[in-house]
Amino acid sequence: MKPKAVVLLSGGLDSATVAAIARSDGYDAIALSFRYGQRHLKELQAAQKIAQYLGIQDHFIVDVNLAQWGGSSLTDLSQTLPQEGVNPDSIPSTYVPGRNTVFIAIALSLAEAKNAEAIYLGINAVDYSGYPDCRPEYLEAYQGLANLSSKAGIEGNAPQLMAPLVRDSKVEIVKRALAFGVPIELTWSCYQGGEKPCGLCDSCRIRDRALIEAGRPDLAANPHP
């Protein structure tokens, strides 16, 4: 029997790539997605398609409404989504307060209940610089908490937080996705919830630029970002 791993599956390119990596690493993946009050559900629909494509049998979708108190342009419809490009010197308005801290806590609960050995995260500290909960030191600190906060941890079997893409550039992530056969066309990274990706938001700009540089402009929403 294969060991189990929980994979945080948002429906975006990074999380889909991490799910494929977890399976390649020999794990029976359990997908975990969240309905957290985001502007649209396109990414959740994408997550379901990706889980099916990768043959993931267990997929949990959890409701945690972070939009109740806002604080992010991803959850507060009164705010305007940034479209001017990423500013590496400031934390963007798309940062959702406490999101990864909440998500990983729930993933730890699921992992312990299912006897999973690892939790795979698609967080990245390079192209999304400025998000405080996407840094290697954040993960290191959280691992310490995981070791202390559960029966599994006390017994020396705390799930390991795995972030294989944390130091990769977006181009490197695209190349890894292609190498692992990730269905990039099924993923959704756009902050908007239209029929097609807008090609203008920060997420689309980063994704499109990487796809073009990786030699796959055919997968870009806007081939001239």
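All values reported here derive from a predicted model rather than from experimental measurement.

## Thoughts on empty space enclosed by the protein
Inference 1: A full pass over the atoms with the stated rule returns one cavity of 30 Å³ or more.
Inference 2: The calculated volume of the largest cavity comes to roughly 750 Å³.
Inference 3: Within the residue set of the lining of the largest cavity, elements represented by two or more residues are helix H1 (13-24), strand E2 (28-35), helix H2 (42-53) and helix H3 (99-113).
Inference 4: Considering only residue class, the lining of the largest cavity consists of 17 nonpolar, eleven polar and five charged.

## Some thoughts on the layout of surface pockets
Inference 1: One number sums up the size of the largest pocket: a volume of about 380 Å³.
Inference 2: Around the largest pocket, the lining is made up of 20 residues, and of these Glu 185, Thr 187, Trp 188, Pro 197 and Arg 207 lie nearest the centre.
Inference 3: Those elements giving two or more residues to the lining of the largest pocket turn out to be H2 and helix H7 (202-213).
Inference 4: Here the element with the most residues in the lining of the largest pocket is H2; it accounts for four residues.
Inference 5: Broken down by class, the residue content of the lining of the largest pocket amounts to ten nonpolar, three polar and seven charged.

## Section: the sheet that holds strand E5 (residues 160-162)
Inference 1: Ordered in space as E3-E2-E1-E4-E5, the five strands form an open sheet in which the pairing is parallel. Because the sheet does not close on itself, it has two edges, and the strands there are strand E3 (58-63) and E5. Neighbouring strand axes in the sheet, compared pairwise and without regard to direction, differ in orientation by 25 degrees on average.
Inference 2: Packed on one face of the sheet, H1 meets strand E1 (4-8), E2 and strand E4 (118-120) and runs near 170 degrees to E1.
Inference 3: Where H3 meets the sheet, it contacts E1, E2, E3, E4 and E5, and its direction lies at approximately 140 degrees from that of E2.

## Thoughts on the packing of aromatic side chains
Inference 1: In total, this model carries five aromatic pairs according to the counting rule given.
Inference 2: For the pair Tyr 27 and Tyr 120, a centre-to-centre distance of 5.7 Å together with 65 degrees between the ring planes defines the contact as edge-to-face. Of the two residues, Tyr 27 is situated in the loop between H1 and E2 and Tyr 120 in strand E4; the sequence distance between them amounts to 93 residues.
Inference 3: Residue class for Tyr 27 comes out buried when judged on its relative accessible area of 15%.
Inference 4: A relative accessible area of 1% places Tyr 120 in the buried class.
Inference 5: Arranged with centres 5.6 Å apart and planes meeting at 65 degrees, the rings of Tyr 36 and Phe 103 form a pair that is edge-to-face. One end of the pair, Tyr 36, is in the loop between E2 and H2; the other, Phe 103, is in helix H3, and 67 residues separate them in sequence.
Inference 6: The class for Phe 103 is buried, based on a relative accessible area of 9%.
Inference 7: Its guanidinium or amino end placed over the ring of Trp 188, Lys 42 lies 4.6 Å from that ring's centre, counting from NZ or CZ.

Here is what the cut-offs are and how they apply
- Residues numbered from 1 in each chain as written.
- Predicted model: local features only at pLDDT ≥ 70, side-chain atom pairs only at ≥ 80, totals over all residues.
- Heavy atoms only, no water.
- 1 Å grid on protein atoms, 1.4 Å probe; cavity = no way out; pocket = protein on both sides within 12 Å on 5 of 7 lines; lining within 4 Å.
- Points joined across faces, edges and corners; volume = space filled by probe spheres on them.
- Helix = DSSP H or I, 4+ residues; strand = E, 2+ residues; numbered from the N terminus.
- Nonpolar A, V, L, I, M, F, W, Y, C, P; charged D, E, K, R; others polar.
- Pairing = 2+ DSSP bridges.
- Axes fitted to C-alpha atoms, helices over the stretch in contact; angles between N-to-C directions.
- Contact = heavy atoms within 4.5 Å.
- Phe/Tyr/Trp six-rings, centres within 6.5 Å; stacked < 30°, edge-to-face > 60°.
- Buried < 20%, exposed > 50% of the residue type's maximum accessible area, 1.4 Å probe, protein only.
- Lys NZ or Arg CZ within 6 Å of the ring centre and 35° of its normal.

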